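Analysis of the macromolecular model
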Amino acid sequence: MRHALERLAAAMCCVAGLLASFSSYAETTWERIQRTGEVRIGYANEVPFAYSDLRGRVTGESPEIAKAVFHRLGIPHVKAILTEWGALIPGLQANRFDVIAAGMYITPDRMQQVLFADPHYQLDDTLLVRKGNGRNLHSFADIARDPTLKLAVMAGTVEYDYAIKGGVSPKQILQVPNTIAQFQAVKTQRAHAAVGTRLTMKDMASKSNGRLEAVEVFHDDPAHMGYGALAFRKEDRDLRDAVNDTLQGWIGSEEHLQTIAPFGFDRNNLTQKK
């Protein structure tokens, strides 16, 4: 009996050793993507960064960049997974997808949670207001001066902090889940203005049948210039590095500029002029 127990214990030790060996050689995300030929990107509906078009095809500046980059890396299939903006980083960390391709700004707080690739665009913000801008809103300070004014902000975006730092009271801020809700808030006069990237605000104004406009001159802190990038889990440095190597040779090329042109981006949005 004693010898049988000893043999059983020895066998269990071997199994434990094998399991430890297997775990030490666990497949990385990048290795799995290369093996399967598929990468999963997470996005939130926000024109022109990432959205589903009328045919149901996921497009936008960030998904198209992801498609181009992974094609160059030999990955033919890009599967897009829709989520709300505030759930992008939790969804990435929960392994619902492998890359955030939503035009996400690089911020110090987000850098504590994810790895960013090199930025593929730079962009400033502005306000969406009713046609004529009757309240003469050109800055956060203009909103802060009148406590009756309401500002629609998409939850989870950096613009919330920018507004607070600009003097806007939390009571003046209407947090909404997406840009469609921002558009509706201004259109129905639940908010006097919405804030977001200039391209997004201009796109929403173009779809308002002349009822809304994007403020042409918006006085903001120059430090609030946004730099957008693909984002990865902290442990997926090899995946991020592979993407960076490809981006460095492609961003700013004529092919890249042709890829982003349909979404309103051009050479002026490059972080490094070529």
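Conventions adopted
- Residues numbered from 1 in each chain as written.
- Predicted model: local features only at pLDDT ≥ 70, side-chain atom pairs only at ≥ 80, totals over all residues.
- Heavy atoms only, no water.
- Helix = DSSP H or I, 4+ residues; strand = E, 2+ residues; numbered from the N terminus.
- Buried < 20%, exposed > 50% of the residue type's maximum accessible area, 1.4 Å probe, protein only.
- Contact = heavy atoms within 4.5 Å.
- Areas by Shrake-Rupley, 256 points an atom, 1.4 Å probe, with all protein chains shown as cover.
- Lys, Arg positive; Asp, Glu negative; His and termini not counted.
- Charge placed at Lys NZ, Arg CZ, Asp CG, Glu CD.
- 1 Å grid on protein atoms, 1.4 Å probe; cavity = no way out; pocket = protein on both sides within 12 Å on 5 of 7 lines; lining within 4 Å.
- Points joined across faces, edges and corners; volume = space filled by probe spheres on them.
- Nonpolar A, V, L, I, M, F, W, Y, C, P; charged D, E, K, R; others polar.

Things to note about the overall build of the protein
- Secondary structure assignment for the protein yields eleven helices and 14 strands.
- Principal-axis analysis of the C-alpha atoms places the extent of the protein at approximately 90 × 45 × 35 Å.
- In the protein, which comprises 274 residues, the share counted as buried stands at 48%.
- A separation of at least 24 residues holds for 69% of the contacts in the protein among residues at least 6 apart in sequence.
- Split by element, the accessible area of the protein, about 13800 Å² in all, is 54% carbon and sulfur.
- Counting 32 positive and 31 negative side-chain charges, the protein places the centres of these two groups 5 Å from one another.

As for empty space enclosed by the protein
- Counting across every chain of the model gives one cavity of 30 Å³ or more.
- Its volume calculated, the largest cavity comes out at about 160 Å³.
- Lining the largest cavity are 18 residues, and of these Glu46, Met154, Thr157, Glu159 and Thr197 lie nearest its centre.
- Listed by contribution, the elements that provide at least two residues to the lining of the largest cavity are α7 (158-165), α8 (179-187) and β11 (193-197).
- Within the lining of the largest cavity, the residues separate by chemical class into nine nonpolar, six polar and three charged.

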